[in-house]
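# Observations on the model geometry
Next come the chains, spelled out residue by residue.
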Amino acid sequence: VLATMRDLSRRGPLEAAAGATLGDTLRILRLDVTSDSSVAECLQGVPGGRVDVVVNNAGVGLVGPLESASGPQVQRVFDTNVFGVLRLAQALLPQMKRRRSGHIVVVSSVMGLQG
């Protein structure tokens, strides 16, 4: 199992929860879905290069009136929640299609249903 996070300096709680599995059956890698180079570097760090299942739960929110949201704030949301999903799927689908196996699970939030 490979767990990924954008900021590895915040991995302490995950390492503590992992216990003896850390380094045995669990590895933690850096992955920022808003960066093409980060996605490529992360996938290069996958042992054997094979990814069978991805659970993509990267997401950010923006709460408040639309007229008060700045362009950069909205761009950050789309970079993570839309283009991040696309970026990761595009990086993984070719190998999954070649093998004719694999799953990509994208986790969203209730905010996709509420205006």
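Just above sits the structure.
Residues numbered from 1 in each chain as written. Predicted model: local features only at pLDDT ≥ 70, side-chain atom pairs only at ≥ 80, totals over all residues. Heavy atoms only, no water.

## A few points about the nonpolar core
- One finds Leu 29, Leu 31, Val 33, Val 39, Cys 42, Val 46, Val 51, Val 54, Leu 88, Leu 92 and Met 96 forming the largest nonpolar core, which totals eleven residues.
- Those elements that place two or more of their residues in this core are helix 2 (36–44) and helix 4 (83–99).
- Considering every element that reaches this core, the biggest residue donor is helix 4, with three residues.
- Aside from chain neighbours lying at most four places away, what touches Val 39 is Leu 31, Asp 32, Val 33, Arg 87, Leu 88 and Ala 91.
- Counting residues in each nonpolar core, the second largest holds five residues, with Ala 3, Met 5, Leu 26 and Ile 28 among its members. (Core = buried A, V, L, I, M, F, W, Y, C linked by side-chain atoms within 4.5 Å. Buried < 20%, exposed > 50% of the residue type's maximum accessible area, 1.4 Å probe, protein only. Helix = DSSP H or I, 4+ residues; strand = E, 2+ residues; numbered from the N terminus. Contact = heavy atoms within 4.5 Å.)

## Some remarks on the layout of surface pockets
- Approximately 800 Å³ is the volume found for the largest pocket.
- Looking at the largest pocket, it is lined by 30 residues, and the ones nearest its centre are Leu 2, Ala 3, Thr 4, Leu 31 and Val 55.
- Mapped by element, the contributors of at least two residues to the lining of the largest pocket are strand 1 (2–5), helix 2, strand 3 (53–56) and helix 4.
- Each residue belonging to the lining of the largest pocket can be placed in one class, and the counts come to 20 nonpolar, six polar and four charged. (1 Å grid on protein atoms, 1.4 Å probe; cavity = no way out; pocket = protein on both sides within 12 Å on 5 of 7 lines; lining within 4 Å. Points joined across faces, edges and corners; volume = space filled by probe spheres on them. Nonpolar A, V, L, I, M, F, W, Y, C, P; charged D, E, K, R; others polar.)

## So, unusual backbone geometry
- Although it is not a glycine, Arg 100 adopts a positive phi angle of roughly 60 degrees.
- Given a relative accessible area of 78%, Arg 100 falls into the exposed group.

## Digging into a nonpolar patch on the surface
- Taken together, the side chains of Val 53, Val 55, Val 105 and Val 107 make up a nonpolar region of the molecular surface, amounting to roughly 320 Å² of accessible area.
- Structurally, Val 107 can be placed in the segment after strand 4 (103–106). (Patch = residues over 30% accessible without salt bridge, like charges linked within 9 Å, V, L, I, M, F, W, Y side chains within 5 Å. Areas by Shrake-Rupley, 256 points an atom, 1.4 Å probe, with all protein chains shown as cover. Salt bridge = Lys/Arg side-chain N within 4 Å of Asp/Glu carboxyl O.)

## Examining the pattern of salt bridges
- All chains considered together, the criterion is met by four salt bridges.
- With its nearest N and O atoms 2.9 Å apart, the salt bridge here joins Arg 11 to Glu 15.
- With its nearest N and O atoms 2.5 Å apart, the salt bridge here joins Arg 87 to Asp 36. One end of the pair, Arg 87, is in helix 4; the other, Asp 36, is in helix 2, with 51 residues separating them in the sequence.
- Judged by its relative accessible area of 56%, Asp 36 is exposed.

## Re helix 2
- Taken together, the buried positions of helix 2 are occupied by Ser 38, Val 39 and Cys 42. Take helix 2 and look down its axis: the buried residues cluster within an arc of 100 degrees, on one side only. Seen from the open side of helix 2, the exposed residues pointing more than 90 degrees away from its buried face are Asp 36, Glu 41 and Gln 44.
- If you follow the buried residues of helix 2, they end up packed against strand 1, strand 2 (27–30) and helix 4. (Arc of directions from axis to C-beta.)

## Some remarks on the environment of Ala 40
- Residue placement: Ala 40 occurs in helix 2.
- The exposure class of Ala 40 is partly exposed, given its relative accessible area of 37%.
- Separated by 36 residues in the primary sequence, Ala 40 and Arg 76 place their C-alpha atoms 20 Å from one another.

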